[in-house]
Amino acid sequence: MTGTILFTIATLVALGLLFAVVLYFVAQKFKVEEDPRIGTVESILPGANCGGCGQAGCHAFAEGVVKAPSMDGFFCPVGGNPVMTKIAEALGRAVEEKAPMVAVVRCNGTLANRPRTNEYDGYASCKVMASLYAGDTGCKFGCLGKGDCEAVCKFDAIHVDPERGIAIVDEDKCTACGACTKACPKGIIELRAKGFKNRRVCVLCVNKDKGAVTRKACSAGCIGCGKCSKTCPFGAITVENNVAYIDFNVCKLCRKCVEVCPTHAINEFNFPPKPKIEEKPHEENV
Amino acid sequence: MDKLIVSPSPHTHGRESTQSIMRDVLIALTPAMVVSVLASGWSALILILVGVAACVLTEFLIGKYMLKRPVTICDLSAAVTGCLLALNLPPNAPWWLIVIGSVVAIGIAKMTFGGLGQNIFNPALVGRVFLLVSFPVLMTSWSDSGAFFGFADAFSGATPLGAIKEGLANGQTLSQLTADDLTLSQSLFFKMGGSTGELSACALLLGFIYLLCRRVIKATIPVTIICTVAVVSGIFHLADPDRFTGPLFNIFTGGLLLGAIFMATDYVTSPMTTKGQIIFAVGIGLITVFVRYFGSYPEGVSFAILIMNCTVPLLNKYCKPKRFGEVRK
Amino acid sequence: MKKTFRIGGVHPDDSKISAQCAIEIFPAVETAYVSMAQHLGAPATPVVAVGDKVKVGQVIAEPSGFISGFVHSPVSGTVKSVGPRADIAGNMVPHVEITVEGDEWMEDIDTSDTIVKDIPYTPEEIIEKVKKAGVVGLGGASFPTHVKLAPPKDKKAECLILNGTECEPFLTSDDRIMRERPQEILIGGAIMMKALGVTRGYVGIEENKPAAIASMTEAAKEFPQIEVVVLKKRYPQGGEKQLIDAVIRRQVPSGALPIDTGAVVQNVGTSLAVYEAVQKNKPLIDNVITVTGRCLPTQHNYKVRIGTPMSKILEVAGGVPEKAGKIISGGPMMGRAIANLDAATVKANGAILVLTPEETRRRPESACIRCGKCASACPMGLEPWLLNKLSRAGGLQDELEKERVYDCIECGCCSFTCPAGIPLLDMIRSSKAEVMKIMRSRPKK
C-alpha cells in the first residue's frame, strides 16, 4: 500500500517539476516585450472598455498614450480629469484639464407635448422605426422612444421614461462616452459641456420643419422665430433651418433666451428656483 | 377608427405558436398515457398529474421569484416535460420521486440555462437520469397492481433489458433467456415490463403519426435513430446471436420509441438543419446500441440523447442549410 | 408534377376575395399629385412650372440619372404647385400638383381599343419607346424597364419570363388583366423578346388562377414562342429568383443578378404597359389597383390614374371601415403599412389592403424555441434565427456578411412562420442595409 502511495507521489512530483521547467522556458521564449508603463497606465484607467475615448479598449488606450509623444488627443471620458492627471503624473507629462461633458437629449416631445398620430407595432428599435417611416408623431425629427440609446449605454445613465415617451439622461451616471450619440438614428443626442455648477441651457428641439408645421406637431418644439438669437447678449445662439442652437462654449448662462422663447423649447438645467413665481411648463430637472 | 397601425412587413402571421406546438405534443402523448393508465392503474395517472403540476409549479416559482421575469407557464412546455418525465418512470413510483425529478428537470436543466430555448440538455431526460442514478432500485423495478381489465400478467422485477443484461453477465445465452419471452405482437400491444411510457409501441406510433400530420416534427430524427439501431444491432446479432439481441427486440424495448419520437425531436436540444439532424440521430442510435451491448447500464437511450445534446451547438455551427445559388443546373 | 422553386416557402391563406371583381375605371379626381419618386433610383426632375397647362400623357419630369425615368401627367389641367408632399411613410418627396380640367390626351396617343399585333420596330427603337413612356417594373420594385431590357454587353439574355404568379394573398390585379387582356400582355411579351433578342418566352401562373391560365393559354396559341407554365401555389413564387428557379431550374448565384442565369423577368402588368407604350404611344399613367380586405363592404379592382390620393380611393370604395386597423399599400407579406392616407398613388402601387387589428396586430414576442422553421421557410436558404441574433447583438457586420445577409429578399417567410412571434425580418432588414452600405463603400478590385 505504502509503496503505491510513495510511487504515486513521486511520479506526480516529477511530472510537476517537468512541466514547470518546460513552462518556464516556453514563457521566456514567447515573452512579449511590453513597456511596463503601459501596464501602469492601464491600472489607472477605469477598465470599462467602453470605447468612449475612441480607442479599442483600455489596453489600446494605454498603449496609444504611452507610445504617443504627448497627451494630445487622448482623453478618457469615464475617468475624466482626475484619471488623466494621474496618468500624466505617471508618464511625467503635462495635461490640460478638459471641461466635463454630459449627454443631452435635445427633444422635449413627450406624450403630452407631441401627440401620437399612429401606432407603431414593429420591433422596439429606434433604428428599425426610423428606416421604416417618419415616425408615430407629426414631427419626424424627434425622439422615437424605443430605447436604442438605453440598450447601448454601459453606465445605466440613459433611460426611456414610459410616462413621457422620450429618453432622459441621468447626469450623475453619464460619463459622456458618446455611445448613445452614435446609437441614436435621429442624431438627437449631443455631448455638451456640463457647465459651471452643472448648470446649462439647451434648445430641446432639432426639428427643421417650418414653424407652423412644427407647432402643429409638438407644443414644445422650436419654431425658428429667432427671438432667442436676438435676445442673447453674447451671440451664442444661431437659427438655421428653422431651429435654434446654443453654442455651449459661448453661453454665459444668463437665461434671457429661456424667458423669451414662446414655446418653451429652451430649457435650463440645475438652476436654483427663481424668486418670483413664473409658470414654466415642460421644464426638466430644475 | 383608432389610430392606424404601422409596422414593417410582414403584416400577417402563420397559425402556429409555441403554445399550439406544445399542445400538439401533449395530444400526441395522450395515447401512450391512456395505455399506461389502463395497464398500470390509477398510480400512473397520479404520477402524470403530479409530474405536470410539479413541473409547472417549479417553472412558475423560479420564473416569478428568482428570475423576476414574466411568467411563461402558458406556453405549455413545462407541462410537456412533466408528461414525458412521468412516462419515463415506473408506473408505481412514489409521488415524491417525480417531484424531485421535476424540480431537477425544470429547475436545473432548464431554468438555470435561461428558460425555454436556452437549455442544452433535454430537461425530462436530465430528470430521469438524475433519478436513475440517485434511486436505482426504485427506478428499475415494477409491480403490477391496480391494472384495469386484467391487462398484464404480474410482471414484477426487472425490465426485459435489465433481465437480459443480468442474465448475460451470469453466463447464460440469449436463447435460454428469451425462451419464454415476448413475441413481437405482445411487445406491440402492451405486454412488457417497462416504464409507463414503454408499454405500448402502438400508442407511441399513433402519436408519431399525429405529430407528422400536424407538421410539428419531421420524420428525419426518429426514422434515422430506428434505422441505425436496426442496422447496427442487426449486424451484431447476425455475428453472434447468442450474445447480442436482435433489431426488433432493440427497437421495441426500452425507451427507444419514446426517446426517438418525443425526446430526441425536442426542438431546443436538437439540431436545426436536416444534415445536422441525421448526424445527431445516427449518433444516438450508435450510442444506444453500444451502451446496451457493452455498457454497464441496461438502457442506453437516455444517455445517448444527453450525450448527443452536447454536440448540437457544434452541429448547428457546421451543418448549414443548402443555400440558394449553390444548386446550379 | 407542377413546377415550383426548390428551397423554402410558406403557404399563407389565398384570400383572393376580389378575384371575381372585373376591372372598373376609377372616376376622375379633382386634383392629381404626381410624385417625382415613381421608380427606383434618383427622383425625376420636373420640367413644368406653376401655371403650365398639361395634357394626359405629357412629359412633366425627366430622368435625373442612369437609373431614373420619365414621369407623365395622368390628367389634363393646370399645374398648381411643384414642391414637397408627404408619401405613405410621411417622408417629404417632390410632387407636381395638377388641378384637373377635362380629359384631353396628347395627340400621338392611340386611345382606341384595337389590338395592334405587328411590331415593326427595331430593338433599339423599342427600348427608346419604353424609356420615353416611363415604364417601370409593376411587380413592386419599380425598376426602370428600359434599363432591364438592355442588359450590359457581357451578359447575354436567353429567355423572357412573364410573372403572372401574383403570389401575395389578397392581390388580384394581375389575375384580372390576364383574364381581360391576355392578347395585349402577350404582344407586350413578344415586344420585349424582340428587344432582348431572345426566342423563348414563358408566362408563369400559379395554379390558383384557373380562369387566367385558361385565358392566357388560349391567347398563347398565336404565340408559339411563348409557353404558359402552371406553377404550384407557394409564396414567394413571384420572387424574381424563385420564379427563375421554378420555370427554368436555374438559381441566381449569391450576390449576382438574375441576368446571370440568362433570364429576364417582367411582371405581366409591365408587359401590358410595354404594349401600350410601344403600340399605342401611351405612357405609363395608370395601373390596376386591388382594393380589398375582409372588413370592406365591397371588393374592387380599380384602374386608377397615378397621383390619386389613397384616401380618395378608399372613399369611392365605400369608405374606411370603423374597425380598420392597418391599411397596407401592397400585399400582407411585403406591402408597406400606410402612415399617411392622403399620399398619392405611384406607378407601382398594386393594391390597398385594409386589415382589422385582430388580423394584423403582432403577437407578443417570446423566447426562441430553436425549432428551425424559419430556416426551413427561407427561400434563399439563409438562417434567419442566426441573422436576427447577430443583428440584435450589434457590431457583428462581418459575421452577418459571412452569413450572406445581403441575399435576403425580405419576403417575410421567416417572421410569418416563427411560432414564438419573433419579428425576425425587422432586424435582418436593418442589418442587410448596413452590410450592403459597407460592401458598396469598399473600393472595387
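Here the structure is a predicted model, which is why all the values come from computation and not from measurement.

Engineer: A description of the overall build of chain A should follow, citing residues and the corresponding values.
Structural biologist: When helices and strands are tallied, chain A shows 10 helices and nine strands. For chain A, the spread of C-alpha atoms along the three principal axes comes to 95 × 50 × 35 Å. Out of the 286 residues in chain A, the part that is buried amounts to 39%. Relative to all contacts within chain A whose residues are 6 or more apart in sequence, the contacts with residues 24 or more apart total 57%.

Engineer: Which residues make up the packing of helix H5 (residues 123-134) of chain B against helix H15 (residues 301-318) of chain B, and what values go with them?
Structural biologist: All names here are of chain B. Here H5 crosses H15 at 130 degrees, and the two axes come no closer than 10 Å. In terms of axis orientation, H5 runs oblique to H15. Seen along the crossing, H5 lies across H15 with a hand that is left-handed. Residues Leu125, Val126, Arg128 and Val129 of H5 touch H15, and the partners they reach there are Ser302, Phe303, Ile305 and Leu306. The residue inventory of the contact of H5 with H15, partitioned by class, reads six nonpolar, one polar and one charged.

Engineer: Can you explain the interface of chain B and chain C? Please cite residues and give values.
Structural biologist: Contacts between the two partners involve 32 residues from chain B and, on the opposite side, 57 residues from chain C. Elements supplying a minimum of two residues to the side of chain B that touches chain C: strand S1 (4-6) and helix H1 (18-40) of chain B.

Engineer: Could you give me a rundown of the pairing of strand S6 (residues 200-203) of chain A, with the residues and numbers involved?
Structural biologist: Residues and elements named next belong to chain A. Residues Arg200 and Cys202 line one face of S6 and the alternating positions Val201 and Val203 line the opposite face, and both faces are buried. Taken together, the four bridges between S6 and strand S9 (residues 266-269) define a ladder with antiparallel strand orientation. Among the inter-strand pairings, Arg200 is bridged to a residue of S9, identified as Phe269.

Engineer: Please set out the sheet that holds strand S13 (residues 286-292) of chain C residue by residue, giving values where relevant.
Structural biologist: Residues and elements named next belong to chain C. Strand order in the open sheet made by the six strands is S1-S14-S13-S17-S15-S16, with mixed pairing throughout. The open sheet is flanked by strand S1 (23-25) and strand S16 (336-337), the only strands paired with a single partner. Relative to S16, strand S15 (residues 326-329) is paired through two bridges, and the arrangement is antiparallel. Bridge pairing in S16 places Ile328 opposite Ala337. Of the strands in this sheet, S1, S13, strand S14 (300-305) and strand S17 (351-355) are in contact with helix H3 (residues 173-180), which crosses S13 at around 125 degrees.

Engineer: Can you lay out the interface of chain B and chain A for me, pointing to particular residues and giving the numbers?
Structural biologist: Contacts between the two partners involve six residues from chain B and, on the opposite side, 10 residues from chain A. Across the side of chain B that touches chain A, the residue classes break down as four nonpolar, one polar and one charged. As paired strands, strand S2 (residues 118-120) of chain A and S1(B) are joined by three bridges and run parallel to one another. In the strand pairing of S1(B), Glu119(A) is matched with Ile5(B).

Engineer: Any chance you could break down the sheet that holds strand S10 (residues 200-206) of chain C for me, citing the residues and the numbers?
Structural biologist: All names here are of chain C. As summarised here, the arrangement of the four strands in space is S11-S10-S9-S12, forming an open sheet in which the pairing is parallel. What marks the edges here is a single partner per strand, and that holds for strand S11 (226-231) and strand S12 (263-267). For this sheet, the mean inter-axis angle between neighbouring strands, taken without regard to orientation, is 25 degrees. Bridging between strand S9 (residues 159-164) and S10 involves six bridges; their strand directions are parallel. Counterpart to Gly164 in the pairing with S10 is Ile205. Here helix H7 (residues 268-280) sits on the sheet and contacts S9 and S12; the angle it forms with S12, its principal contact strand, is near 85 degrees.

Engineer: Tell me about the environment of Pro297(C), and name the residues and values.
Structural biologist: Mapped onto the secondary structure, Pro297(C) falls in the loop between S13 and S14. Each C-alpha atom of the pair Pro297(C) and Phe66(C) lies 44 Å from the other, and the pair is 231 residues apart in sequence.

Engineer: Describe the environment of Ser125(A), with residues and values.
Structural biologist: On the secondary structure map, Ser125(A) appears in the loop between S2 and helix H5 (126-132). Sequence separation of Ser125(A) and Ala236(A) is 111 residues, and the distance between their C-alpha atoms is 35 Å. The contact partners of Ser125(A), leaving out residues within four places of it in the chain, are Lys146(A), Asp148(A) and Met427(C).

Engineer: Tell me about unusual backbone geometry, and name the residues and values.
Structural biologist: A cis geometry characterises the amide bond from Ser9(B) onward to Pro10(B), with omega recorded as -5 degrees. We note that Asp156(A) has phi near 60 degrees; this positive angle belongs to a residue other than glycine. Take Asp156(A): there are 10 C-beta atoms within 10 Å of it, and that puts it in the exposed class. One non-glycine residue, Arg249(C), adopts positive backbone phi at about 55 degrees. By the element assignment, Arg249(C) lies in the loop between helix H6 (240-248) and S12.

The rules behind the values
- Residues numbered from 1 in each chain as written.
- Chains lettered and ligands numbered in written order.
- Predicted model: local features only at pLDDT ≥ 70, side-chain atom pairs only at ≥ 80, totals over all residues.
- Helix = DSSP H or I, 4+ residues; strand = E, 2+ residues; numbered from the N terminus.
- Buried ≥ 20, exposed ≤ 12 C-beta atoms within 10 Å, placed from the backbone.
- Contact = placed C-beta atoms within 7 Å.
- Axes fitted to C-alpha atoms, helices over the stretch in contact; angles between N-to-C directions.
- Parallel < 35°, antiparallel > 145°, perpendicular 65-115°, else oblique.
- Left-handed = near helix turned anticlockwise from the far one by under 90°.
- Nonpolar A, V, L, I, M, F, W, Y, C, P; charged D, E, K, R; others polar.
- Pairing = 2+ DSSP bridges.

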